[in-house]
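Chain by chain, the residues run as shown.
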Amino acid sequence: MRELVLTAPAQRLHGEILARLMRAGASSRTQLADAAGVDVSTIVRALPELVAAGWISETVDQMQARTRGRPIKRVAVRGGHHLAIGVKIGPERIVGAVTDLAGDVIAAGTSPLDTRDPDRVLAAVSEMVRVLAGRGLAVVDQPEARVVGLGVGVGGHVSKGRVVTSPILGWQGVEVSTVLAAATRLPTVVANDVNALAAGEHLLGYGRRVDDLAVLTIGRGLGCGLVLHGRLLVGADGAAGEFGHLPLIPDGPPCGCGGRGCLETVASDRALVAAVRARTGDADVCELGDVERLAAAGDQVALECLATTGELLGRGIAALVNLVNPALVIVAGEMVSVIDHLEAPMRRAAAEHAFSSAWSNCRLKIDRGGDEMWARGAAWLAIRAAVMRPETFARVSPEVAV
Ligand SMILES: [Zn+2]
């Protein structure tokens, strides 16, 4: 039920093998050994369990066999055999995707939410999972295909399957994994939504070839997911990466977290909209799209407010790169719609305030892909949790499971 906990080395190795296959596609045993930091014999011992349980297949590379005389075995995930479902719960909608073990989306869906009541939201998630599971299994159309788990991303502090606090949803102490596992009958993993996105970017997105990266989400809230040394960093109790709650402004505006002057109170989409509305005196400026339209029409106040927001975000990025020195920062979220106005001041401020070469050696990428990667990342967390559960391999015979 829980993820992000220490597991037995053999199960962790299974997870690392699958992660490598997802990031790089079919691989040799040597490549798997290099990626996991173990010797080839350890990989050779770990593979039969995964093969017998139907997660991966091994094939001989015929081309290699012909040209060099010695056959090379290639390992690949078995597409369509095992599926996982990822769901992101947002304040206005839930977004879901069912993926195969390669992380490819088999089916996807979105449901608007007219409530934030936890019971009703989780009932809507359960219904979406039921529909997606049916659609995914129908698409792959294989008798042995099954859904191995459900991954759910929620904004806020998530620990041990429970939402401790989610200012964006107004949730406090909401049990999510036990409720959804009972309703869907699927092993369920719950994570902070930006951590799920960071896992997705690392495996399937811009972070595919990078092992030290930060994902910043800019929108209603400001979030951060960190992958360091190839591992998702969640902290001692799941609260790492709360970029939006850097307490930067003394006696600043009140924040949804209960504090004052958090970065989120001056650089989120709400803060931007409020600043433009206050300075223009235009009561019709209610949402980000209104600011976008004003900026596109060359409104000077809107452009200045966007520049200020970009600078504040850049200062936050400088704080982040000074702390963890990532090789890549990926920016995603709703405010990507105005990134053309934010990016230059953001880069300038990051460069000005970063320590030594922390920024000059760091790449910045903008993910304009919308919500799908969040759900794919959540699905991967479910796959990883499934492959780390000993009962996943319970039906593997002892002769095979060396
Ligand atoms: Zn705060």
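Residues numbered from 1 in each chain as written. Predicted model: local features only at pLDDT ≥ 70, side-chain atom pairs only at ≥ 80, totals over all residues. Heavy atoms only, no water.

1. Some remarks on the overall build of the chain
So, point 1. What the chain contains, in helices and strands, is 13 helices and 16 strands.
So, point 2. Computed over C-alpha atoms, the radius of gyration of the chain comes to 22 Å, within 12% of the 21 Å expected from 2.2 N^0.38 for 402 residues, which places it in the range of a compact globule.
So, point 3. By its C-alpha atoms, the chain is 75 × 50 × 40 Å across when sized along the principal axes.
So, point 4. Taking all 402 residues of the chain together, 51% fall into the buried category.
So, point 5. Across the chain, contacts joining residues at least 24 apart in sequence account for 64% of those joining residues at least 6 apart.
So, point 6. As presented, the chain carries roughly 17800 Å² of accessible surface, and 51% of it is formed by carbon and sulfur atoms.
So, point 7. Here the chain contributes 41 positively and 43 negatively charged side chains, and the mean placements of these two sets differ by 7 Å. (Helix = DSSP H or I, 4+ residues; strand = E, 2+ residues; numbered from the N terminus. Rg over C-alpha atoms; globule rule 2.2 N^0.38 Å. Buried < 20%, exposed > 50% of the residue type's maximum accessible area, 1.4 Å probe, protein only. Contact = heavy atoms within 4.5 Å. Areas by Shrake-Rupley, 256 points an atom, 1.4 Å probe, with all protein chains shown as cover. Lys, Arg positive; Asp, Glu negative; His and termini not counted. Charge placed at Lys NZ, Arg CZ, Asp CG, Glu CD.)

2. Some remarks on helix α5 (residues 118–140)
So, point 1. Over its 23 residues, α5 extends 32 Å from the first C-alpha to the last, a length consistent with the 33 Å expected when each residue adds 1.5 Å.
So, point 2. Every buried residue of α5 is accounted for by V121, L122, V125, S126, M128, V129, L132, A133, G136 and V140.
So, point 3. As for α5, its buried residues are in contact with β4 (82–89), β5 (93–100), β6 (105–112), β7 (146–154), β10 (171–175) and α6 (177–184).
So, point 4. Once α5 finishes, D141 follows within two positions and takes phi at roughly 50°, a positive value. (Expected span 1.5 Å × (residues − 1).)

3. Details of unusual backbone geometry
So, point 1. Here the phi dihedral of R185 falls at roughly 60°; this positive angle occurs in a residue that is not glycine.
So, point 2. Take R185: it is sitting in the loop between α6 and β11 (188–192).

4. Description of the nonpolar core
So, point 1. Among the nonpolar cores identified, the biggest contains 51 residues, and I17, L18, W55, I56, W380, L381 and I383 are the most heavily contacted of them.
So, point 2. For this core, the element with the highest residue contribution is helix α13 (residues 372–387), accounting for 11 residues.
So, point 3. V276, L306, V329 and L364 belong to the second largest nonpolar core, which has 38 residues in total. (Core = buried A, V, L, I, M, F, W, Y, C linked by side-chain atoms within 4.5 Å.)

5. Some words on the environment of A307
So, point 1. Looking at the secondary structure, you find A307 in helix α11 (residues 300–324).
So, point 2. For A307, a relative accessible area of 32% gives the class partly exposed.
So, point 3. Here the alpha-carbon distance between A307 and H341, two residues 34 residues apart in the chain, equals 6.7 Å.

6. Some remarks on helix α10 (residues 288–296)
Think of an α-helix as 3.6 residues a turn; residues three or four steps apart then line up on the same face.
So, point 1. Residues L288, D290, V291 and A295 constitute the buried set of α10. Angularly, the buried residues of α10 cover 160° about the axis, an arc narrow enough to put them on a single face. Turned more than 90 degrees away from the buried face of α10 sit R293 and A296, all of them exposed.
So, point 2. On its buried side, α10 packs onto α9 (269–280), α11 and α12 (339–353).
So, point 3. Once α10 ends, the next one or two residues include G298, with phi positive near 85°. (Arc of directions from axis to C-beta.)

7. A few points about the coordination of the zinc ion
So, point 1. Within the protein, the atoms that donate to the zinc ion are H245 (ND1), C255 (SG), C257 (SG) and C262 (SG), at distances of 2.0 to 2.3 Å.
So, point 2. Counting residues between consecutive donors of the zinc ion along the chain gives the motif H-x9-C-x1-C-x4-C. No difference in accessibility class separates C255 from C262, as the two residues are buried. (Donors = N, O, S within 2.8 Å, 3.2 Å for Na, K, Ca; no water.)

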